[in-house]
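Summary of the model geometry
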Amino acid sequence: PEALRDLDWLLLSVHERRRQDPAATLVHLERVLANPTPLRELTRISLLVQAAELARELGDRAKAARYYREFLDTARRDARVYFIRQRLAEMEDAS
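A few points on the structure. (Residues numbered from 1 in each chain as written. Predicted model: local features only at pLDDT ≥ 70, side-chain atom pairs only at ≥ 80, totals over all residues. Heavy atoms only, no water.)

Bringing helix H5 (residues 81-94) into the picture now. Residue pairs spaced three or four apart in an α-helix point in one direction, given the helix's 3.6 residues per turn. End to end, H5 covers 20 Å across 14 residues, agreeing with the expected 20 Å (1.5 Å per residue, within 8%). Where H5 is buried, its residues touch helix H3 (41-57) and helix H4 (61-74). (Helix = DSSP H or I, 4+ residues; strand = E, 2+ residues; numbered from the N terminus. Expected span 1.5 Å × (residues − 1). Contact = heavy atoms within 4.5 Å.)

All right, on to H4 then. Taking 1.5 Å per residue as the helical rise, H4 with its 14 residues ought to reach 20 Å, and the 20 Å between its terminal C-alpha atoms agrees with that figure. Where H4 is concerned, the buried positions are Ala64, Ala65, Tyr67, Tyr68, Phe71 and Leu72. Buried residues of H4 fall within an arc of 165° about the axis and therefore sit on the same side. Relative to its buried face, H4 has exposed residues pointing more than 90 degrees away, namely Ala62 and Asp73. Buried residues along H4 sit in contact with helix H2 (22-34), H3 and H5. (Buried < 20%, exposed > 50% of the residue type's maximum accessible area, 1.4 Å probe, protein only. Arc of directions from axis to C-beta.)

Next up, the structure:
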């Protein structure tokens, strides 16, 4: 599992730098998040925000909301909480 996570990290980095295929980037991000090898807490919450933003950009509001909520459940004292709550409210208002 750790080697697979590292591979997905590498592929994620490549996709992020190229900024050509947000859907592929999200796939690798989700694989890193789903991998059973533990991540540092700060890394995990940053990846949750990144996944939510990509899902939102791709028009998958349900997935974006799920990642935003997981972030809020995990990182109650993070400086981005206000921003994430705004994003959720915008998405709910647009529905």
